[in-house]
Amino acid sequence: MKKRTLQQVETAKRRAESFTRGVLHDEPRADEIASESVGDYAERKHLTIENPKEVRTMAISRRERELQAANTLQEQMIEQLEEELETLRGAVGQAAALLPEDEDSDESEDLDGDDGDDEEEEEEDEEAFDVHSS
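Counting restarts for each chain, with residues numbered from 1 along the sequence as it is written. Local features in this predicted model are restricted to residues of pLDDT 70 or higher, and side-chain atom pairs are both shown and tallied only at a pLDDT of 80 or more, whereas totals for entire chains, interfaces and linings draw on every residue. As a rule here, side-chain values cover all heavy atoms of the structure and leave hydrogens and water aside.

Draft legend 1. Here's a closer look at the overall build of the protein chain. The secondary structure content of the protein chain amounts to 6 helices and 2 strands. Counting from the amino terminus, the protein chain carries its helices and strands in the arrangement β-α-α-α-β-α-α-α. When each of the 134 residues of the protein chain is scored for burial, the buried share is 7%. It only takes one pair of heavy atoms within 4.5 Å for two residues to be counted as in contact. Counting contacts in the protein chain only where the partners sit at least 6 residues apart, residues at least 24 apart contribute 54% of the total. Computed with the Shrake-Rupley method and a 1.4 Å probe, the accessible areas treat only the protein chains shown as cover for residues. Total accessible area on the protein chain stands at roughly 11900 Å², and carbon and sulfur atoms take up 50% of it. Strands are runs of DSSP state E lasting at least two residues, helices are runs of H or I lasting at least four, and both sets are numbered from the N terminus onward. Categorising residues by exposure relies on relative accessible area from a 1.4 Å probe, with only protein chains included: less than 20% of the type maximum marks a residue as buried, more than 50% marks it as exposed, and the intermediate range marks it as partly exposed.

Draft legend 2. Layout of unusual backbone geometry. With a phi close to 55 degrees, His25 is a non-glycine residue in the positive phi region. Residues other than glycine seldom take positive phi values, yet His46 does so here, at roughly 60 degrees. Structurally, His46 is set in the loop between helix H3 (38–44) and strand S2 (47–49). Its relative accessible area of 54% is what places His46 among the exposed residues.

Draft legend 3. Expanded view of the pattern of salt bridges. In the sections that follow, a salt bridge refers to a side-chain nitrogen of Lys or Arg positioned within 4 Å of a carboxyl oxygen of Asp or Glu. Inspection of the entire model under this criterion finds 7 salt bridges. Across the pair Glu36 and Arg44 runs a salt bridge, and its minimum N-O distance is 3.0 Å. Given a relative accessible area of 17%, Glu36 falls into the buried group. Note on Arg44: relative accessible area 36%, which makes it partly exposed. Through salt bridges with shared partners, one network takes in Glu17, Arg21, Glu27 and Asp31.

Draft legend 4. The environment of Lys13, seen in detail. Residue placement: Lys13 occurs in helix H1 (residues 6–22). On the basis of relative accessible area, Lys13 is assigned to the buried category, the value being 11%. Taking C-alpha positions, Lys13 is 9.8 Å from Lys45, a pair spaced 32 residues apart along the chain. Discounting residues that sit within four places of it in the chain, Lys13 has contacts with Ile33, Ala34, Glu36, Ser37, Val38 and Tyr41.

Shown next, in the form of C-alpha coordinates:
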(Lines give C-alpha, C1' and ligand atoms only; values in the text may rest on other atoms or scores of the structure.)
Protein backbone atom coordinates (compact mmCIF):
# COMPACT_ATOMS: atom_id res chain seq x y z
CA MET A 1 0.00 0.00 0.00
CA LYS A 2 1.19 3.48 -0.81
CA LYS A 3 1.42 6.01 2.02
CA ARG A 4 -0.20 9.38 1.51
CA THR A 5 -1.21 12.28 3.70
CA LEU A 6 -4.87 13.07 4.16
CA GLN A 7 -4.47 16.19 2.05
CA GLN A 8 -2.88 14.19 -0.79
CA VAL A 9 -5.74 11.66 -0.78
CA GLU A 10 -8.33 14.47 -0.76
CA THR A 11 -6.60 16.09 -3.74
CA ALA A 12 -6.43 12.79 -5.65
CA LYS A 13 -10.14 12.19 -4.98
CA ARG A 14 -11.08 15.67 -6.29
CA ARG A 15 -8.94 15.14 -9.39
CA ALA A 16 -10.49 11.73 -10.03
CA GLU A 17 -13.97 13.22 -9.79
CA SER A 18 -13.02 16.11 -12.08
CA PHE A 19 -11.39 13.77 -14.65
CA THR A 20 -14.38 11.42 -14.65
CA ARG A 21 -16.81 14.28 -15.09
CA GLY A 22 -14.81 16.41 -17.55
CA VAL A 23 -12.87 13.92 -19.70
CA LEU A 24 -14.86 10.70 -19.46
CA HIS A 25 -18.25 12.51 -19.29
CA ASP A 26 -19.47 9.86 -16.85
CA GLU A 27 -21.70 11.90 -14.52
CA PRO A 28 -23.05 8.96 -12.47
CA ARG A 29 -19.55 7.65 -11.77
CA ALA A 30 -18.31 11.18 -10.92
CA ASP A 31 -21.21 11.52 -8.48
CA GLU A 32 -20.23 8.20 -6.86
CA ILE A 33 -16.65 9.42 -6.39
CA ALA A 34 -17.91 12.73 -4.99
CA SER A 35 -20.16 11.02 -2.46
CA GLU A 36 -17.46 8.56 -1.40
CA SER A 37 -15.61 9.34 1.84
CA VAL A 38 -11.89 10.05 1.71
CA GLY A 39 -11.23 6.92 3.75
CA ASP A 40 -13.25 4.72 1.39
CA TYR A 41 -11.52 6.27 -1.62
CA ALA A 42 -8.11 5.57 -0.07
CA GLU A 43 -9.07 1.97 0.68
CA ARG A 44 -10.37 1.40 -2.84
CA LYS A 45 -7.14 2.84 -4.29
CA HIS A 46 -4.99 0.84 -1.82
CA LEU A 47 -3.62 3.96 -0.12
CA THR A 48 -2.65 4.27 3.54
CA ILE A 49 -3.38 7.64 5.08
CA GLU A 50 -0.58 8.79 7.36
CA ASN A 51 -0.66 12.25 8.73
CA PRO A 52 1.78 12.85 11.60
CA LYS A 53 0.85 16.54 11.71
CA GLU A 54 -2.78 15.56 12.20
CA VAL A 55 -1.92 13.87 15.53
CA ARG A 56 -0.38 17.07 16.83
CA THR A 57 -3.33 19.10 15.61
CA MET A 58 -5.70 16.73 17.36
CA ALA A 59 -3.71 17.00 20.59
CA ILE A 60 -3.87 20.77 20.46
CA SER A 61 -7.57 20.62 19.69
CA ARG A 62 -8.12 18.37 22.70
CA ARG A 63 -6.34 20.89 24.93
CA GLU A 64 -8.39 23.69 23.45
CA ARG A 65 -11.58 21.74 24.11
CA GLU A 66 -10.48 21.14 27.69
CA LEU A 67 -9.75 24.85 28.16
CA GLN A 68 -13.10 25.77 26.65
CA ALA A 69 -14.84 23.33 28.97
CA ALA A 70 -12.99 24.77 31.96
CA ASN A 71 -13.88 28.32 30.90
CA THR A 72 -17.53 27.35 30.46
CA LEU A 73 -17.57 25.76 33.90
CA GLN A 74 -15.94 28.85 35.39
CA GLU A 75 -18.53 31.12 33.75
CA GLN A 76 -21.37 28.93 35.05
CA MET A 77 -19.92 29.03 38.56
CA ILE A 78 -19.58 32.82 38.43
CA GLU A 79 -23.21 33.14 37.33
CA GLN A 80 -24.30 30.83 40.12
CA LEU A 81 -22.30 32.80 42.70
CA GLU A 82 -23.74 36.09 41.45
CA GLU A 83 -27.25 34.67 41.81
CA GLU A 84 -26.46 33.51 45.34
CA LEU A 85 -25.05 36.94 46.16
CA GLU A 86 -28.25 38.61 44.98
CA THR A 87 -30.29 36.17 47.07
CA LEU A 88 -28.18 36.94 50.13
CA ARG A 89 -28.44 40.69 49.54
CA GLY A 90 -32.21 40.34 49.41
CA ALA A 91 -32.22 38.32 52.63
CA VAL A 92 -30.06 40.93 54.38
CA GLY A 93 -32.41 43.67 53.19
CA GLN A 94 -35.42 41.75 54.52
CA ALA A 95 -33.68 41.13 57.84
CA ALA A 96 -32.78 44.82 58.14
CA ALA A 97 -36.41 45.74 57.48
CA LEU A 98 -37.49 43.53 60.40
CA LEU A 99 -35.23 45.30 62.89
CA PRO A 100 -37.02 47.88 65.07
CA GLU A 101 -36.33 51.43 64.05
CA ASP A 102 -34.72 53.54 66.77
CA GLU A 103 -35.73 57.20 66.49
CA ASP A 104 -32.62 58.27 68.39
CA SER A 105 -30.38 56.06 66.29
CA ASP A 106 -28.18 58.97 65.18
CA GLU A 107 -27.91 60.42 68.67
CA SER A 108 -27.42 57.06 70.38
CA GLU A 109 -24.29 56.32 68.43
CA ASP A 110 -21.88 58.06 70.78
CA LEU A 111 -18.34 57.71 69.56
CA ASP A 112 -16.65 58.79 72.81
CA GLY A 113 -18.08 55.87 74.71
CA ASP A 114 -20.18 57.75 77.24
CA ASP A 115 -23.92 57.81 77.67
CA GLY A 116 -24.56 60.53 75.10
CA ASP A 117 -25.41 63.35 77.52
CA ASP A 118 -22.78 65.65 76.07
CA GLU A 119 -24.89 68.84 76.48
CA GLU A 120 -25.54 68.19 80.17
CA GLU A 121 -21.87 67.42 80.77
CA GLU A 122 -20.85 70.68 79.04
CA GLU A 123 -23.25 72.66 81.27
CA GLU A 124 -21.84 70.94 84.38
CA ASP A 125 -18.30 71.71 83.24
CA GLU A 126 -19.21 75.38 82.68
CA GLU A 127 -20.85 75.62 86.15
CA ALA A 128 -17.81 74.03 87.77
CA PHE A 129 -15.55 76.46 85.96
CA ASP A 130 -17.71 79.39 87.04
CA VAL A 131 -17.59 78.25 90.68
CA HIS A 132 -13.79 77.96 90.66
CA SER A 133 -13.20 81.22 88.83
CA SER A 134 -15.32 83.38 91.22
